[in-house]
Amino acid sequence: MTVTASASETRPPVQRWLLVWALALAAVLVVFLQQDRLPWAVNYPAEAVVPVADWVSALMRWIKSNLSWLTRSITAVLGVPLDFALNLLAKSFKIGHGADAYVLPRLSWVGVCAVAFIAGHAVGGRKLGILVGGCFLYIALFGQWTSAMLTLALISIAVPFCIVTGLFAGIWAWRKPWAERLIVSPALDLMQTIPTFAYLIPMLLLFGNSPVSAMIATAIFATPPMVRATMLGLSRVPSEIDDFSEMAGCTARQKLWRVLLPSARPTLMVGVNQVIMLALNMVIIASMIGAGGLGYDVLLALRALKVGEAMEAGLAIVALAIALDRLSQAIAHNQAKGQVHQAMSPVFWRRYPNLTLAVAILAVTTLLSLYVPAFAAVPKAITITTAPLWKAAVNWVTINFFDVIEAFRVALILNVLNPLRAFCEGFPWLGAVFLLGLAGYQLGGLRLAALVAALTAFCAIAGLWEKTMATVYLCGISAFIACLIGIPIGLAAARSDRFEKIVTPIIDTLQVLPSFCFIIPVVMLFRVGDVTAMIATIAFAVVPAIRYTNHGIRQVPPALIEAAKVSGCTPRQTFFRVQLPLALPEIMLGVNQTILMALAMIIICAMVGTRDLGQEVFIALSKADSGRGIVAGLAIAFIGIVADRLFNAWTAKARARLG
């Protein structure tokens, strides 16, 4: 009996795909070697570039000309609460005009620090109260109070807007699966991958250089986590609670607002925490279009190379970020444990004693500020400055370690960065589209292949291929090194509880630092350029690699570990043959998040001299060229979406294979 079968039918799938990839890579190599005959396949023809930027610029000009009444109305409406918050926290209320004008003071810095302590104590006990109050006191004593209050005022208006908008959008997406699939999820992916600078350009063009522009940009950028948290929280409400509310005779509206949303409150509070941190990050960057505050101080200091002033403003940002993060985390933790209690007395001050005390302190201290100048503004006599110390420290390091730092920087540029950049920029655009499309087809089928190929081709068609590959090179090397550092640390933390207790506070601190703060110390030592951008990006993006690796190893079911031990496996064999393979999908999710965070940071590093898509956005912002900036922002977003989709598809296949 003879068996007839084709080679493709008998060859295992893995070997078949290896052959396909070998042929694909060989084809791309042939195209590269034959670039004299096929120049259009290597470098996208300039005459075939589609003027997408010009079209976007024309559309923005039309909107500005024909819908200026709308933008003015939005500015006027949003300006009312924003001006109130700015006057309340950072400026003062001026009633009347001229010599007869009467000035009401802003909130006293003493009262705000005391209220910060009360808020922390109310939700997290004495330790949290001391931490939060101490952060605000630090800001005051180091002379950053007015700038910090400008930043806090913008956040206090933008965050509620993000929460309300995200809540309603999440409810709609949860109720309408088609809307979630076709509208909400793609929009959220785009919003979360478009770089922060790209948000500033249309806001600057439509709303001018003002705090309102900064607030709108912040609100748009910080809304997606609330939408996702709402969808996730509602989908996780147990079906028994849903059934019980229907049995109790609740209408659809009552069930949503009185049963489902209260049940999803812990998840919603996590979304609120993320909204606050993203809003703080964006407000710092939005200082470039009129937000003012701490971000503007950092920007001016960096431009003037004033190391000490930049470091002091950056540390004030850190203090504000830590205070807001710890407060919101404590509230979310209390919601999750159901520890929200209040006295049911009909008397307001007994029902809300902490709120009553806070209002009373603010009223008394602000009233005192009319008569005691020390309550109105932080006295110069008690302020501290460390700017000379920072400058002296940088000068000492520069003088004593200049040769070592410079040798490291030059060796890295000549031996690693420049060759890798040349390879990426010389890679055939058609080959990249083909290879990424093939990866999409292998991991997710024809639909994913078409999406990945189309988004990659857009970067070439829009005339941004060289800048795109410069971004890929810097983001790729930064993410790779971040994973080389982060994954071993995560593995060590997973195997040692003591080491985890050391690592956790460090990565928690890194996670709350706004992106500006990573640039300052690196610029001090390595000046501007790709090395500075790479080091700052690694520090910013290493956290997900550590956190997801640690979580992935620890979430392996104990029953499987026990089964491995019973089978005679040594601890090393159990780790490498059981825990690590099962944790691999989770680790790859961490790699995915590392890449996305590296991409976000690379764009901000355009401020320190990189030559990539971030520079395109930065130049467009300085020239108010909306088309150029938005198209470059879309190209950056498409890089992130391609990486995200491919890694998610790989992770899904790995999870399915592991059961």
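It should be emphasised that the depicted structure is a prediction, and the values quoted were computed from it without experimental measurement.

Rules of the game
Residues numbered from 1 in each chain as written. Predicted model: local features only at pLDDT ≥ 70, side-chain atom pairs only at ≥ 80, totals over all residues. Heavy atoms only, no water. Helix = DSSP H or I, 4+ residues; strand = E, 2+ residues; numbered from the N terminus. Buried < 20%, exposed > 50% of the residue type's maximum accessible area, 1.4 Å probe, protein only. Contact = heavy atoms within 4.5 Å. Core = buried A, V, L, I, M, F, W, Y, C linked by side-chain atoms within 4.5 Å. Expected span 1.5 Å × (residues − 1). Bend = angle between axes of the 7 residues up to and from the residue. Salt bridge = Lys/Arg side-chain N within 4 Å of Asp/Glu carboxyl O. Patch = residues over 30% accessible without salt bridge, like charges linked within 9 Å, V, L, I, M, F, W, Y side chains within 5 Å. Areas by Shrake-Rupley, 256 points an atom, 1.4 Å probe, with all protein chains shown as cover. Axes fitted to C-alpha atoms, helices over the stretch in contact; angles between N-to-C directions. Parallel < 35°, antiparallel > 145°, perpendicular 65-115°, else oblique. Left-handed = near helix turned anticlockwise from the far one by under 90°. Phe/Tyr/Trp six-rings, centres within 6.5 Å; stacked < 30°, edge-to-face > 60°. Lys NZ or Arg CZ within 6 Å of the ring centre and 35° of its normal. Nonpolar A, V, L, I, M, F, W, Y, C, P; charged D, E, K, R; others polar.

Peer 1: Tell me about the overall build of the chain, and name the residues and values.
Peer 2: Regarding its fold elements, the chain presents 30 helices and two strands. Across its three principal directions, the C-alpha atoms of the chain cover 105 × 60 × 60 Å. When the 659 residues of the chain are sorted by exposure, 46% land in the buried category. The contacts in the chain between residues at least 6 apart in sequence include a share of 79% that link residues at least 24 apart.

Peer 1: Tell me about the environment of Leu206, and please be specific about residues and values.
Peer 2: Within the fold, Leu206 resides in helix H9 (residues 196-207). Ignoring sequence-local partners within four residues, the contact set of Leu206 consists of Met60, Ile63, Lys64 and Thr71.

Peer 1: Would you mind going over the nonpolar core in detail, with residue names and values included?
Peer 2: In a soluble, globular protein the nonpolar side chains are often hidden away together inside. Counting residues in hydrophobic clusters, the biggest one holds 182 residues, and the most contacted among them are Phe136, Trp145, Met149, Leu200 and Leu320. Looking at this core element by element, the count peaks at 15 residues for helix H16 (residues 307-337). Those residues in contact with Trp145, other than ones at most four positions away along the chain, are Arg106, Trp109, Val112, Cys113, Phe136, Ile139, Ala140 and Val378. Counting six residues, the second-largest nonpolar core is a separate cluster that includes Leu491, Ala494, Ile553 and Ala583.

Peer 1: Quick one: what's the story with helix H5 (residues 68-89), residue by residue and with numbers?
Peer 2: Taking 1.5 Å of rise per residue, the 22 residues of H5 would be expected to cover 32 Å, and the 31 Å separating its terminal C-alpha atoms lies within 8% of that figure. By the largest-angle criterion, Gly79 marks the main kink of H5, which is about 35°, and a proline, Pro81, follows within four residues. Of the positions making up H5, those classed as buried are Thr71, Leu78, Gly79, Leu82, Ala85, Leu86, Asn87 and Leu89. Those residues of H5 that are buried lie in contact with strand S1 (93-95), helix H7 (145-175), H9 and helix H10 (211-222).

Peer 1: Residues and numbers for the pattern of salt bridges, please.
Peer 2: Counted according to the given criterion, the structure contains eight salt bridges. The salt bridge partner of Glu406 is Arg409, with a shortest N-O separation of 2.8 Å. Here Glu406 and its partner Arg409 are both found in helix H20 (residues 387-425), three residues apart, which amounts to about one turn of the helix. Using a relative accessible area of 15% as the deciding quantity, one classes Arg409 as buried. One salt bridge in this structure joins Glu616 and Arg628, with 3.0 Å as the shortest N-O distance. Pair noted here: Glu616 is in helix H29 (residues 613-623) and Arg628 is in helix H30 (residues 626-658), with a separation of 12 residues, a long-range link. Each of Arg421, Glu425 and Asp530 takes part in a single network of salt bridges with overlapping partners.

Peer 1: I'd like to hear about a nonpolar patch on the surface, residue by residue, with values.
Peer 2: Residues Ile95, Tyr102, Leu104, Val364, Leu367, Leu368, Leu370, Tyr371 and Val372 make up a contiguous nonpolar surface patch of about 850 Å² in total accessible area. Secondary-structure elements contributing two or more residues to the nonpolar patch are strand S2 (102-104) and helix H18 (353-368). Sort the elements by how many residues they give to the nonpolar patch and H18 lands first, with three residues. Counting through the fold element by element, Val372 comes out in the loop between H18 and helix H19 (373-376).

Peer 1: I'd like a description of the environment of Pro225, backed by residues and values.
Peer 2: On the secondary structure map, Pro225 appears in helix H11 (residues 224-235). When its relative accessible area of 12% is taken as the criterion, Pro225 is described as buried. Separated by 192 residues in the primary sequence, Pro225 and Leu33 have C-alpha atoms spaced 46 Å apart. In contact with Pro225, not counting residues within four places along its chain, are Gln192, Gly271, Gln274, Val275 and Leu278.

Peer 1: Explain the packing of helix H21 (residues 429-444) against helix H22 (residues 446-461) residue by residue, including any values.
Peer 2: Where H21 meets H22, the closest approach of the two axes is 7 Å, and the angle between their N-to-C directions is 160°. Considered as vectors, H21 and H22 are oriented roughly antiparallel to each other. The way H21 lies across H22 gives a crossing that is right-handed. Residues Trp429, Val433, Leu436, Gly437, Gly440, Tyr441, Leu443 and Gly444 of H21 touch H22, and the partners they reach there are Leu446, Leu448, Ala449, Val452, Ala453, Thr456, Ala457 and Ala460.

Peer 1: Before we move on, can you summarise the packing of aromatic side chains with the specific residues and values?
Peer 2: For the structure on display, the rule yields 10 aromatic pairs. For the ring pair Phe168 and Trp257, a centre distance of 5.9 Å and an interplane angle of 55° mean the geometry is tilted. Placement of Phe168 in helix H7 and of Trp257 in helix H13 (residues 252-263) is noted, with a sequence separation of 89 residues between them. Residue Phe168 is classed as partly exposed on the basis of its relative accessible area, which comes to 47%. Taking relative accessible area as the criterion, Trp257 reaches 38% and is therefore assigned partly exposed. The ring of Phe575 carries Arg495 above its face, with NZ or CZ at 4.4 Å from the centroid.

Peer 1: Go over helix H25 (residues 516-526), please, and point to the residues and values.
Peer 2: Where burial is concerned, most of H25 is hidden: nine out of the 11 residues are buried. Along H25, the positions that sit buried rather than exposed are Phe516, Cys517, Phe518, Ile519, Ile520, Val522, Val523, Met524 and Phe526. Downstream of H25 by a residue or two, Arg527 has a phi angle that is positive, lying close to 60°.

Peer 1: Account for the environment of Lys255, with residues named and values stated.
Peer 2: Within the secondary structure, Lys255 sits in helix H13. Residues Lys255 and Ala492 lie 237 residues apart in sequence; the distance between their C-alpha atoms is 46 Å. Lys255 has contacts with Asp242, Ser245, Glu246, Cys250 and Leu260, leaving out every residue within four places of it along the chain.

Peer 1: Which residues make up the packing of H7 against H10, and what are the values?
Peer 2: Axis separation between H7 and H10 bottoms out at 9 Å; the angle between their running directions is 40°. The angle between the axes of H7 and H10 places the two elements in the oblique class. Here the hand of the crossing between H7 and H10 comes out right-handed. Residues Leu154, Ile157, Ala158, Phe161 and Cys162 of H7 lie in contact with H10, whose contacting residues are Pro211, Met215, Thr218, Ala219 and Ala222. Classifying every residue of the contact of H7 with H10 by side-chain character gives nine nonpolar, one polar and no charged.

So, to be careful, I would describe these as geometric facts and stop short of saying anything about function.
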